[in-house]
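Coordinate analysis (summary)
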Amino acid sequence: MGACLSLCKRDSREVSDDISLESGEIFEYRDQSGRRRILYEYMGRIYDVTRYFTENPIVPETPPSTSSQLKVETVDLQISQNRSAHRTDRYEVEELILRRGQEFKIGLTLNRPFKEGEDVITIELRTGTHPLTTKRTLVLVDSVNEFEPKEWGYKVETSDGNGVTLLIKSAANSIVGDYQLDILTHVTKDGAKQDDYRKGLDTTVYFLFNAWCKDDQVYMEKDDEKEEYVLNDLGNIWYGTSRYLGNMHWNFGQFDDIVFKCVMYLFKENISAENRGNSAVVSRVMSAAVNMQNEDGVLEGRWDGEYADGAKPTSWQGSVAILEQFFKDKKTVKYGQCWVFSGVLTTVLRCLGIPVRSVTNFSSAHDTDRSVTIDECVDENDDMIDELNGDSVWNFHVWNDCWMSRPDLPLGYGGWQAVDATPQETSDGIYQTGPASLNAIKQGLTYLPHDTPFVFAEVNADRVYWRCTRRYGDWDMTKIRTTKTSIGKNMSTKSVGYSYRHDVTDQYKYPEGSNEERVAVRRAIQYGDRPEIVDDEVMSEDVAVELVNKDVLMLGKDFDIEVTLRNTSGAERNVTLTVNTQVCYYTGVRAARIKKDRQYVALTSGESKTVKFHVTVAEYLEKLVEQSQFKVFLLGKVEETNQIIAEQDDFRLETPDLEMKVAPGNTAKVGQPFKVLMSFKNPLAKTLTGCLFMTEGPGLARPRTEKFRDITPGEEVHHEVSFSPLKSGTRVILAEFDCHQFENVLGQLEVQVQA
């Protein structure tokens, strides 16, 4: 290694890390920025030799040729049969892709017949830049009588003349990723080893996690769930607000050839070789690799509406275009938001074989101070105080659940684990979140790793309202109300085998207000940074208030905010109500105030009233930001009892659907173009500018964007797109219309492609 170091001094540098190494030791690890580093000790000094080993991986020497060697003349990896058996035949790359813990076959043609008891065959597999048996990155597979779950081995299945077929089984805990495979032989005579031979293969073999293997960390029992969470390359992601749920189609595209190469690049760049078989480590590190806040990440997040130097987050329909763009020049792609980060992470983990789903949490809290509560501060005029409101409630937030056992946790906390690639808060100095056990979140066990307090707050935090008054340059804060049921609603993911919504709220928390749910909240807060904020107070209230839910509010129309009040007391009640209506980003951050209204309502004993606050198109249209999201803050006080009313609601305005159909007289056949017609009506009394149509579909077409002319007020638009199918069977076309004025005009068309 000393000679090797002398050769690579131009590519190495002495480092001063607080790391102790033995003489001549090589050490690979991830630094604080998440980058893979390789260190080498030489003459009492430690050198960073990452670049050298990346460019010059260790390659074994070939023994000299002798006439008595057992030589391997050809190797048949039986790629087609093995890939079919391992459910990897949909990957568009040509190499052998296998799932660990499962048997596969290879055929050898030798220079002479195989002599059992005298000839010895060993399969050598190497992964990483400096393979070592101690780190399981160098694997020597020998003949065995019986296969063991966590051991490699092979059996001679057939031996006929000069041909031998080997049945090989990889260990269920093998390192995942790319391997170089060599066949080694030697001859034993009188107990002595001689005539070593090595047959190197100029190809790469890939091993993935295996949800079909009972001994794998990611094993799933049900076949339909494995089909959905590992093999499905199309999905649905929910967005909107807790009472106006929308869903977008997403092309995960994990079998795409460029996507596969990109995922393997990210995998090798970000995870040290010896950790590539641990699904908890892999999911955590890849959640960081997807976002650019960690050096050289795939995607940059942006939430301020300024996207001139990149793509609008709403313009993406899948992960393929993003990963292709990143892999082409290894530069971060602009821009994404939470559902885009989640969609890309779903692609990455499914590509690696880890079962994963995208999950949307509505009314999702962002706790910035580890109190496990969300603080809302208002002044004496009932206006929100932005400088004090560091916590926020996103109208929706999308992250991922991945399935795995958790041997690092107490028994019972395996199964679904929350991971999040959206850069919100740092964890161990890096923008990464999870994996956090859903069962631990549900029980309020926020001391269990990783990032359980943050995810618990997202789904089950209490909302605490404070009245704040300036006093001597500081704020005097008085708690006025705690709401316990406003966070974490309608948690949504795609159903197994179907496109409709599956509610998973009960997997994250007990029913709101139940004894079990309140115990979990108290437990979580007590493990947080402000345990004194636990609120078990039962408030006396005799005026019930409800913000009325309407089914649909359409973009381009006036709307009313309706509040129902009911006096449950035996006496008259007088209520002051203040309603602040705001346009907001989906993260809950205010973009603009629409209006502030105040009304006085008198209620006789037992009386109910509904009051309306009217909002016109003229008041909101020019203030809209992406996704047409609104937030309503309702504050009030009952004169006679000093009961404080504090409620919030969020909603969005619906955009039209994009209607799609195959053009009359067209038939979808492999290799033959056919046309699809798309249409919608402009809902606004203004011209639409910056118009784009985006389409893509696995097996039909790669992602593409077409510019379109300006669209006049109220115009019905028709657009035609041509496709040339690459594969037969049921195929899905995803389409979206986007313009400067609004987005999320979505369409989907299923077509049957003939061979």
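Just so it is clear, the structure is predicted and the values come from calculations on it, not from any experiment.

Moving on, we come to the overall build of the protein chain. Scanning the protein chain from N- to C-terminus turns up 13 helices and 40 strands. Its C-alpha atoms put the protein chain at 105 × 70 × 50 Å along the principal axes. Contacts in the protein chain between residues far apart in sequence, at least 24 positions, make up 67% of those at least 6 positions apart. Counting only carbon and sulfur atoms, one obtains 45% of the accessible surface of the protein chain, whose full area is about 31,500 Å². Of the side chains in the protein chain, 88 bear a positive and 118 a negative charge, and the two mean positions are spaced by 2 Å.

The N-to-C vectors of helix 5 (residues 257–270) and helix 7 (residues 320–329) enclose an angle of 60°; their axes lie 9 Å apart at closest approach. Of the possible angle classes, the one that applies to helix 5 and helix 7 is oblique. By crossing handedness, the relation of helix 5 to helix 7 is classed as left-handed. Of the residues in helix 7, those touching helix 5 at Ile 258, Val 259, Lys 261, Cys 262, Tyr 265 and Leu 266 are Val 320, Leu 323, Glu 324, Phe 326 and Phe 327.

Now for helix 8 (residues 338–352). For helix 8, which comprises 15 residues, the first-to-last C-alpha distance of 21 Å matches the rise-based estimate of 21 Å (1.5 Å per residue) to within 8%. Downstream of helix 8 by a residue or two, Gly 353 has a phi angle that is positive, lying close to 100°.

Our next topic: the pairing of strand 8 (residues 119–126). Remark: a regular strand shows side chains that alternate across the two faces of the sheet. Strand 8 sits mainly inside the fold: seven of its eight residues count as buried. Pairing of strand 8 with strand 12 (residues 177–189), which is carried by eight bridges, proceeds in the antiparallel orientation. For Asp 119, the partnering residue across the bridge sits in strand 12 and is Val 187. Bridge count between strand 8 and strand 9 (residues 138–141): four bridges; the pairing is antiparallel.

With mixed pairing, the five strands of this open sheet are ordered in space as 6-13-12-8-9. Every other strand in the sheet has two partners, leaving strand 6 (96–99) and strand 9 as the edge strands with one partner each. Put simply, the sheet's adjacent strands are angled 35° from each other on average, direction ignored.

A few words now on the packing of aromatic side chains. All chains considered together, the criterion is met by 33 aromatic pairs. With a centroid separation of 5.5 Å and 90° between ring planes, the pair formed by Trp 394 and Tyr 586 is classed as edge-to-face. Within this pair, whereas Trp 394 is found in strand 20 (residues 392–404), its partner Tyr 586 is found in the loop between strand 29 (573–584) and strand 30 (590–603), the two being separated by 192 residues in sequence. Each of the two residues, Trp 394 as well as Tyr 586, counts as buried.

With that out of the way, let us pick up the sheet that holds strand 40 (residues 745–753). A sheet is described by the order of its strands in space; here four strands give the open sequence 37-36-39-40, paired in antiparallel fashion. Here the strands that pair on one side only, and so sit at the sheet edges, are strand 37 (701–708) and strand 40. On average, each strand axis in the sheet is inclined to that of its neighbour by 15°, with strand direction left out of account.

Time to look at the pattern of salt bridges. Scanning the entire structure with this criterion turns up 49 salt bridges. Here Arg 463 makes a salt bridge to Glu 376, at a shortest N to O gap of 3.1 Å. Linking Arg 463 in strand 23 (residues 462–471) with Glu 376 in strand 19 (residues 373–378), this pair joins segments that are 87 residues apart in sequence. With a relative accessible area of 5%, Arg 463 lands in the buried category. A single network of salt bridges, built from pairs that share partners, joins Glu 124, Arg 126, Asp 182 and Arg 198.

Let us look at the packing of helix 6 (residues 279–289) against helix 8. At a minimum axis separation of 10 Å, helix 6 and helix 8 run at an interaxial angle of 145°. Crossing of helix 6 over helix 8 shows right-handed handedness. Residues Val 282, Ser 283, Met 286 and Ser 287 of helix 6 form the contact with helix 8, whose own contacting residues are Leu 345, Val 348, Leu 349 and Leu 352. Of the residues belonging to the contact of helix 6 with helix 8, the class tally is six nonpolar, two polar and no charged.

Procedures and definitions
Residues numbered from 1 in each chain as written. Predicted model: local features only at pLDDT ≥ 70, side-chain atom pairs only at ≥ 80, totals over all residues. Heavy atoms only, no water. Helix = DSSP H or I, 4+ residues; strand = E, 2+ residues; numbered from the N terminus. Contact = heavy atoms within 4.5 Å. Areas by Shrake-Rupley, 256 points an atom, 1.4 Å probe, with all protein chains shown as cover. Lys, Arg positive; Asp, Glu negative; His and termini not counted. Charge placed at Lys NZ, Arg CZ, Asp CG, Glu CD. Axes fitted to C-alpha atoms, helices over the stretch in contact; angles between N-to-C directions. Parallel < 35°, antiparallel > 145°, perpendicular 65-115°, else oblique. Left-handed = near helix turned anticlockwise from the far one by under 90°. Expected span 1.5 Å × (residues − 1). Buried < 20%, exposed > 50% of the residue type's maximum accessible area, 1.4 Å probe, protein only. Pairing = 2+ DSSP bridges. Phe/Tyr/Trp six-rings, centres within 6.5 Å; stacked < 30°, edge-to-face > 60°. Salt bridge = Lys/Arg side-chain N within 4 Å of Asp/Glu carboxyl O. Nonpolar A, V, L, I, M, F, W, Y, C, P; charged D, E, K, R; others polar.

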